[in-house]
Amino acid sequence: MVRKMIEFDEVSKHFTGSTAAAVDSISLRIEAESLNVLLGESGCGKTTTLKMINRLVEATSGRIHFEGQDIATLDPIELRRRIGYAFQGIGLFPHMSVADNVGIVPDLLGWSAGDIAARTSELLDLVGLDPSVFAERYPAELSGGQQQRVGVVRALAARPRVLLMDEPFGALDPITRDELQRELKSLQEKLGLTIVLVTHDVTEALLLADRIAIMKNGALLAHDTPAALIANPPHEYVQQLMEMPQRQAAQVAKYARGT
């Protein structure tokens with residue numbers, strides 16, 4: 001049976017001083033253990049939508065339910081401790097070791113030192129960072145890809161069932177980005193995570209997502225599987241987005257054939 005994890009019901013967000021809605025009356029259902037991408041151009045409302053899930057941004061109207069509970073009735077701090085959050089800037093504390101960065105939320109939740117150390121080692125192993133090598137390093141001693149891995153690990157340290165990600169790979173070189181995309185999909189399947197990921201990269205969305213929510217000017221235009229969006233785009237803008245990587249792939253194929 002399909003289980004809802006997150007549900008938006010006619011949710012809008014108006015920022016003070018702006019005449020247009022940042023998010024305009026969207027309804028969206030996100031299933032448990034699925035990877036959903038919020039896709040669209042800059043300013044379309046996708047990051048605002050993401051941040052409303054953990055109440056970093058408060059909805060102006062409508063309701064958001066998390067595991068069946070109206071988030072407006074929940075303490076924001078407790079809600080955020082149930083949801084992992086990783087973003088492009090990574091946000092690692094430079095004066096703290098990798099192990100200390102990863103252990104922040106479990107420590108706040110009262111975990112024992114032994115449990116925190118065990119969880120840190122488990123997660124670093126899972127993303128290919130040997131704990132004996134990396135646990136005591138500082139962020140400045142890591143590459144960009146290693147820092148991003150630690151950022152994801154930190155977001156997962158307290159065993160959340162939901163992970164929010166805002167353009168997590170945007171600042172990385174193409175090869176590292178490809179590696180981390182594949183690692184993320186593997187992590188999601190191994191851990192049974194529900195992931196909501198913001199990107200403006202159509203190819204990234206198609207490669208990663210179980211379902212893609214496409215936004216424009218604050219409105220939700222479509223939410224469906226990549227295959228369905230390619231085969232039957234419900235809007236001209238959706239069709240334009242879906243055709244772009246296909247056109248690029250065809251051009252690359254021509255080069256590969258030497259034509």
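Treat the numbers as computed from the prediction; the structure is a model and nothing was measured.

Participant: Help me understand the overall build of the chain, please; the structure alone is not making it clear to me.
Facilitator: Along the backbone of the chain there are 11 helices and 10 strands. Compactness check: the chain gives a C-alpha radius of gyration of 19 Å against a globular reference of 18 Å for 259 residues, within 12% of the reference. Dimensions of the chain along its principal axes, counting C-alpha atoms only, are 55 × 55 × 45 Å. Among the 259 residues that make up the chain, the fraction classed as buried is 46%.

Participant: What am I meant to see in empty space enclosed by the protein here?
Facilitator: Empty space among the atoms becomes apparent when a probe as large as a water molecule is rolled across them. The tally for this structure, following the rule as stated, stands at one cavity of 30 Å³ or more. In this structure, the largest cavity spans a volume of roughly 80 Å³. Around the largest cavity sit Val127, Gln148, Arg149, Val152, Met165, Phe169, Leu180, Glu183, Leu184 and Leu187, which together line it. Where the lining of the largest cavity is concerned, the elements lending two or more residues are helix H7 (144–156) and helix H8 (174–191). The residue makeup of the lining of the largest cavity, split by class, is seven nonpolar, one polar and two charged.

Participant: Sorry if this is basic, but what is going on with the side chain of Ser97 here?
Facilitator: Note on placement: Ser97 falls in the loop between strand E6 (83–87) and helix H3 (98–102). Within the structure, Ser97 has its side chain in polar contact with the backbone nitrogen of Asp100 (distance 3.1 Å). Not counting the four nearest positions on each side in its chain, Ser97 is found in contact with Ala135, Glu136, Arg137 and Tyr138.

Participant: Please explain the side chain of Arg119 as it appears in this structure.
Facilitator: Within the element layout of this structure, Arg119 appears in helix H5 (residues 113–126). Owing to a relative accessible area of 8%, Arg119 belongs among the buried residues under this scheme. Looking at Arg119, its side chain comes within polar contact range of the main-chain oxygen of Ala157, at 3.1 Å.

Participant: I'm lost on helix H1 (residues 46–53) in this one. Help?
Facilitator: Residues spaced three or four apart along an α-helix face the same direction, because each turn holds 3.6 residues. Counting buried positions along H1 gives six out of eight residues, so the element sits mostly inside the fold. Lys46, Thr48, Thr49, Leu50, Met52 and Ile53 are the residues of H1 that are buried. Count one or two residues on from H1 and you reach Arg55, which has phi positive near 65°.

Participant: Got a minute to help me understand the pairing of strand E3 (residues 35–39) in this structure?
Facilitator: Every regular strand shows the same layout, with side chains that alternate between the two sheet faces. Extensive coverage of E3 is indicated by the burial of five of its five residues. Of the two faces of E3, the one carrying Leu35, Val37 and Leu39 and the one carrying Asn36 and Leu38 are both buried. Pairing analysis gives four bridges linking E3 to strand E9 (residues 211–216), with the strands arranged parallel. Of the residues in E9, the one forming a bridge with Asn36 is Arg211.

Participant: Quick question: what am I supposed to make of the sheet that holds strand E4 (residues 61–66) here?
Facilitator: Backbone-to-backbone hydrogen bonds pair the strands of a sheet. The strands run either parallel or antiparallel. Ordered in space as E2-E1-E4-E5, the four strands form an open sheet in which the pairing is antiparallel. With partners counted over all chains shown, the strands left at the sheet margins are strand E2 (23–31) and strand E5 (69–70), one partner each. Where E4 meets E5, two bridges bridge the pair, whose relative direction is antiparallel. Bridging from a neighbouring strand, Phe66 pairs with Gln69 of E5. Taken strand by strand, H1 contacts strand E1 (4–13), E2 and E4, and its axis lies near 120° from that of E1.

Participant: Which parts of the structure should I look at to understand the pattern of salt bridges?
Facilitator: If charged atoms from side chains of opposite charge come close, those side chains can pair. For the structure on display, the rule yields 15 salt bridges. For Lys216, the salt bridge goes to Glu41, with nearest N and O atoms at 3.3 Å. Of the two residues, Lys216 is situated in strand E9 and Glu41 in the loop between E3 and H1; the sequence distance between them amounts to 175 residues. For Lys216, a relative accessible area of 25% corresponds to the partly exposed category. Two residues, Asp210 and Lys185, come together in a salt bridge whose shortest N-O distance is 3.3 Å. Here the residue Asp210 occupies a position in the loop between helix H9 (202–208) and E9, and Lys185 occupies one in helix H8, the gap between them amounting to 25 residues. Relative accessible area serves as the criterion here: at 30%, Asp210 is assigned to the partly exposed category. The exposure class of Lys185 is buried, given its relative accessible area of 17%. Through salt bridges with shared partners, one network takes in Glu67, Arg82 and Arg161.

So, how was this worked out
Residues numbered from 1 in each chain as written. Predicted model: local features only at pLDDT ≥ 70, side-chain atom pairs only at ≥ 80, totals over all residues. Heavy atoms only, no water. Helix = DSSP H or I, 4+ residues; strand = E, 2+ residues; numbered from the N terminus. Rg over C-alpha atoms; globule rule 2.2 N^0.38 Å. Buried < 20%, exposed > 50% of the residue type's maximum accessible area, 1.4 Å probe, protein only. 1 Å grid on protein atoms, 1.4 Å probe; cavity = no way out; pocket = protein on both sides within 12 Å on 5 of 7 lines; lining within 4 Å. Points joined across faces, edges and corners; volume = space filled by probe spheres on them. Nonpolar A, V, L, I, M, F, W, Y, C, P; charged D, E, K, R; others polar. Polar contact = N/O pair within 3.5 Å; in protein donor to acceptor, adjacent residues only side chain to side chain. Contact = heavy atoms within 4.5 Å. Pairing = 2+ DSSP bridges. Axes fitted to C-alpha atoms, helices over the stretch in contact; angles between N-to-C directions. Salt bridge = Lys/Arg side-chain N within 4 Å of Asp/Glu carboxyl O.

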